[in-house]
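The primary structure of each chain is shown beneath.
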Amino acid sequence: MATTARHHVAQLEQVEAPGSMITHTAARLLAALRIGTGFVFLWAFLDKTFGFGYATPAAKAWINGGSPTKGFLSGVAVGPFESFFHAIAGAVWADWLFMLGLLGIGVALILGIGLRVAAVAAGLMMAFMWVAEWPLAQETSAGEATRSSNPLVDYHVVYGVTAAVLALTYAGHTWGLGRWWAKLPIVQKNRWLI
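This report concerns the structure included in the present document. What you see is a predicted model, and the numbers here were worked out from it, not measured in a lab.

1. Overview of helix α5 (residues 92–111)
Compared with an ideal rise of 1.5 Å per residue, which puts 20 residues at 28 Å, α5 spans 28 Å between its outermost C-alpha atoms and is within 8% of the ideal. When we look at burial in α5, the residues that qualify are Ala94, Asp95, Phe98, Met99, Gly101, Leu102, Ile105, Gly106, Ala108 and Leu109. Packed against the buried residues of α5 are α2 (24–50), α3 (70–74), α4 (82–88), α6 (115–133) and α7 (155–168). Phi turns positive one or two residues past the end of α5, at Gly112, with a value near 80 degrees.

Below is the structure:
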């Protein structure tokens, strides 16, 4: 029995969080989730910047004078903050904040650095987008069906929680630069930068 327990413990990898244990397979899956989620954010940034023709046509690309926030925010047709989102749709500061957020979150997740900051930024961005879509409503302000598939938990919530899990499990240490990043003097002095 003691041999089995020792063998089981030997298969676990100690993560740099006090009292936490994670298997090698789980660490790799978290790394894959981190990279995949980072690519979701980075792709959104690239497509909105250059207009690859997926979500953003070339004519509406940011580099061609398009606004990354105008289409989405001006199309908000539901919820108590509808007029607020219409008011900021296309504002230069909103475009820059949104695009810097997409780029920063994407790069941080892919590289495995600054995951705590990225998690907070992703959580805030996803919360604002959730509020903009207001999945609690069954009808738009025009009386049409919203087609909300779930009034509480949608992909915005899942991405926000995913970013937090990745930060709290040190997912940047596997297949990323997290270990190196954590040893930098500025990060050693400011642990919130991990």
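2. Quick look at a nonpolar patch on the surface
Together, Leu136, Leu152, Val153, Val157, Val158, Val161 and Val165 make up a nonpolar patch on the protein surface, roughly 540 Å² of accessible area in all. In this fold, Leu136 is placed in the loop between α6 and α7. Overall, Leu136 belongs to the partly exposed group, its relative accessible area being 39%.

3. Examining unusual backbone geometry
In the Ramachandran plot, Trp134 falls in the positive-phi region, its phi being about 40 degrees despite a non-glycine side chain. Along the chain, the position of Trp134 falls in the loop between α6 and α7. The residue Tyr170 is not glycine, and still its phi comes out positive at about 55 degrees. According to the relative accessible area criterion, Tyr170 is buried, its value standing at 13%.

4. Focus: the environment of Ala127
Looking at the element boundaries, Ala127 is found in helix α6. When the C-alpha atoms of Ala127 and Tyr159 are compared, they prove to be 9.9 Å apart, with 32 residues separating the residues in sequence.

5. Points about the packing of aromatic side chains
With the rule as written, the count across this model stands at eleven aromatic pairs. Note on Trp43 and Tyr54: the rings are 5.5 Å apart at their centroids and 70 degrees apart in plane angle, and the pair reads as edge-to-face. Placement of the pair is Trp43 in helix α2 and Tyr54 in the loop between α2 and α3, with a sequence separation of eleven residues. By relative accessible area, Trp43 is classed as partly exposed at 31%. Measuring from ring centre to ring centre gives 5.7 Å for Trp130 and Trp134, while their planes differ by 55 degrees; the resulting arrangement is tilted. Here the aromatic cluster, defined as three or more aromatic residues joined through ring pairs, consists of Phe39, Trp43, Phe50, Phe52 and Tyr54.

Rules used in this analysis
- Residues numbered from 1 in each chain as written.
- Predicted model: local features only at pLDDT ≥ 70, side-chain atom pairs only at ≥ 80, totals over all residues.
- Heavy atoms only, no water.
- Helix = DSSP H or I, 4+ residues; strand = E, 2+ residues; numbered from the N terminus.
- Expected span 1.5 Å × (residues − 1).
- Buried < 20%, exposed > 50% of the residue type's maximum accessible area, 1.4 Å probe, protein only.
- Contact = heavy atoms within 4.5 Å.
- Patch = residues over 30% accessible without salt bridge, like charges linked within 9 Å, V, L, I, M, F, W, Y side chains within 5 Å.
- Areas by Shrake-Rupley, 256 points an atom, 1.4 Å probe, with all protein chains shown as cover.
- Salt bridge = Lys/Arg side-chain N within 4 Å of Asp/Glu carboxyl O.
- Phe/Tyr/Trp six-rings, centres within 6.5 Å; stacked < 30°, edge-to-face > 60°.

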